[in-house]
Amino acid sequence: APSNILLNVNGIEVIYNHVILVLKGVSLQVPQGAIVAILGGNGAGKTTTLRAISNLLQGERGAVTKGSIELRGERIENLSPADLVHRGVVQVMEGRHCFAHLTIEENLLTGAYTRKSKAEIAANLEKVYTYFPRLKTRRGSQAAYTSGGEQQMCAIGRALMANPSMVLLDEPSMGLAPQIVEEVFNIVQDLNQKEKVTFLLAEQNTHMALRYAHYGYIMESGRIVMDGAAADLASNEDVKEFYLGVG
Ligand code: ATP
């Protein structure tokens with residue numbers, strides 16, 4: 001693989017509960033500094049792909065049974081999620097998963113659990129607040145009493161507290177009003193451009209994802225069925241017909 005490839009997923013198969021073959025040979029590459037989107041409908045295998053990369057399948061009784069996953073050329077299939085955080089890969093799970101009874105700021109600080117320097121943690125917190133001014137305003141509020149958009153921002157902000165080089169973002173638009181989705185994606189783009197954070201995101205909202213991503217992979221039934229530069233996918237007739245809802 002070329003040297004600018006940060007993540008290389010090569011022909012992975014994933015089986016749940018020893019029997020259900022869900023990923024049937026998925027390959028994808030994420031260049032350093034890119035925003036890459038995995039697109040496709042409900043149940044296509046997007047979440048499973050992200051879980052395979054961040055090694056979160058075990059809790060779901062799933063396993064990678066074939067293929068390989070490399071980060072900067074090194075195999076990572078056998079690393080724990082915590083090892084991956086140390087290597088700069090953090091996942092933001094679907095459905096946000098903020099701690100409801102903690103304040104926004106306490107939630108953000110839980111993301112810094114791998115770090116020791118108090119000064120660095122404080123500086124990182126201020127940085128998160130510059131990207132997410134809404135979180136600064138709401139820093140003292142219990143997450144349970146904040147909006148869906150604020151909770152999604154909190155989940156992304158918490159991931160950033162580990163100072164990652166790559167964030168795996170599962171369905172960031174889920175349940176959010178279009179205007180808030182746009183706000184979240186604008187911040188992702190900002191983080192990508194200014195902080196050089198690489199993003200691999202799973203999205204059913206093809207239209208929005210293709211506006212912000214550089215490259216996209218479309219999944220169906222556990223396989224990649226199409227891939228290309230985001231602009232090419234957005235103007236592709238099949239993509240328009242099947243994923244963008246226009247004839
Ligand atoms: P969604 O957007 O709904 O999350 P997805 O594209 O992310 O969809 P996955 O969640 O990866 O899809 O699911 C892919 C397939 O794997 C689906 O058929 C789903 O029913 C199945 N699946 C997911 N999790 C499990 C599990 N823990 N045990 C068994 N089957 C599972």
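Residues numbered from 1 in each chain as written. Predicted model: local features only at pLDDT ≥ 70, side-chain atom pairs only at ≥ 80, totals over all residues. Heavy atoms only, no water.

An unreviewed UniProt entry annotates the protein chain as ABC transporter ATP-binding protein originating from Variovorax terrae. According to its UniProt record, the protein chain has this under Sequence similarities (unreviewed entry): "Belongs to the ABC transporter superfamily." (UniProt positions renumbered as here; feature names shortened; annotations may be inferred.)

So, on to the pattern of salt bridges. Here the structure, examined in full by the defined rule, presents 14 salt bridges. The partner of R87 in a salt bridge is E74, with the nearest N and O atoms 3.1 Å apart. One end of the pair, R87, is in the loop between α2 (81–86) and β6 (89–92); the other, E74, is in strand β5 (residues 74–75), with 13 residues separating them in the sequence. Taking relative accessible area as the criterion, R87 reaches 34% and is therefore assigned partly exposed. A salt bridge links E126 to K136; the nearest nitrogen and oxygen atoms lie 3.4 Å apart. Of this pair, E126 sits in helix α4 (residues 118–131) while K136 sits in helix α5 (residues 133–137), placing them ten residues apart in sequence. Through salt bridges with shared partners, a single ionic network connects R134, R138, E150 and E183. (Salt bridge = Lys/Arg side-chain N within 4 Å of Asp/Glu carboxyl O. Helix = DSSP H or I, 4+ residues; strand = E, 2+ residues; numbered from the N terminus. Buried < 20%, exposed > 50% of the residue type's maximum accessible area, 1.4 Å probe, protein only.)

Let us look at the side chain of K46. One can find K46 in helix α1 (residues 46–53). E171 provides the closest opposite charge to the buried, salt-bridge-free K46, at an N-O distance of 4.5 Å. (Lys, Arg positive; Asp, Glu negative; His and termini not counted.)

All right, on to the nonpolar core then. Membership of the largest hydrophobic core comes to 48 residues, with the highest contact counts inside it found for L108, F132, L135, L160, L169 and F199. A per-element tally of this core places helix α7 (residues 178–195) first, with seven residues. In contact with F199, not counting residues within four places along its chain, are A34, I35, V36, V167, L169, V188, L191 and N192. Counting residues in each nonpolar core, the second largest holds 31 residues, with L7, I12, V22 and V89 among its members. (Core = buried A, V, L, I, M, F, W, Y, C linked by side-chain atoms within 4.5 Å. Contact = heavy atoms within 4.5 Å.)

Looking now at the sheet that holds strand β10 (residues 223–229). Strand order in the open sheet formed by six strands is β6-β7-β8-β3-β9-β10, and the pairing between neighbours is mixed. The sheet is open, and its two borders are formed by β6 and β10, each paired with just one other strand. Here the strands of the sheet are splayed against their neighbours by 15° on average, with no regard to which way each runs. Across five bridges, the pairing between strand β7 (residues 166–170) and strand β8 (residues 198–203) is parallel. Across the sheet, residue D170 finds its bridge partner in β8, namely A202. Across the face of the sheet, helix α6 (residues 148–160) comes into contact with β6 and β7 while running at roughly 165° to β6. (Pairing = 2+ DSSP bridges. Axes fitted to C-alpha atoms, helices over the stretch in contact; angles between N-to-C directions.)

Attention shifts here to the site of the ligand. Every one of the 16 residues lining the ligand counts as a neighbour, but N42, G43, G45, T47 and T48 are closest to it. Starting from 620 Å² of accessible surface for the ligand in isolation, the protein chains cover 70%. When contributions to the shell around the ligand are tallied by element, the ones reaching two or more residues are β2 (20–31) and α1. Considering every element that reaches the shell around the ligand, the biggest residue donor is α1, with three residues. Its residues assigned to classes, the shell around the ligand comprises four nonpolar, eight polar and four charged. (Near = heavy atom within 4 Å. Areas by Shrake-Rupley, 256 points an atom, 1.4 Å probe, with all protein chains shown as cover. Nonpolar A, V, L, I, M, F, W, Y, C, P; charged D, E, K, R; others polar.)

For an α-helix the count is 3.6 residues per turn, leaving residues at separations of three or four pointing the same way. Taking 1.5 Å per residue as the helical rise, α6 with its 13 residues ought to reach 18 Å, and the 19 Å between its terminal C-alpha atoms agrees with that figure. The element α6 is extensively covered by neighbouring structure, given that twelve of its 13 residues are classed as buried. Inspection of α6 places G149, E150, Q151, Q152, M153, C154, A155, I156, G157, R158, A159 and L160 among the buried residues, and these make up the whole buried set. Of the surrounding secondary structure, the elements contacted by the buried residues of α6 are β6, α3 (104–110), α4, α5, β7 and α7. (Expected span 1.5 Å × (residues − 1).)

This structure, assessed with the given rule, holds two aromatic pairs. Ring geometry for Y215 versus Y217: centroids 5.3 Å apart, planes at 55°, classification tilted. (Phe/Tyr/Trp six-rings, centres within 6.5 Å; stacked < 30°, edge-to-face > 60°.)

A few words now on the pairing of β10. In this sheet, β10 lies alongside strand β9 (residues 215–220) in antiparallel orientation, the contact comprising six bridges. Following the sheet pairing, E220 is matched in β10 by R223.

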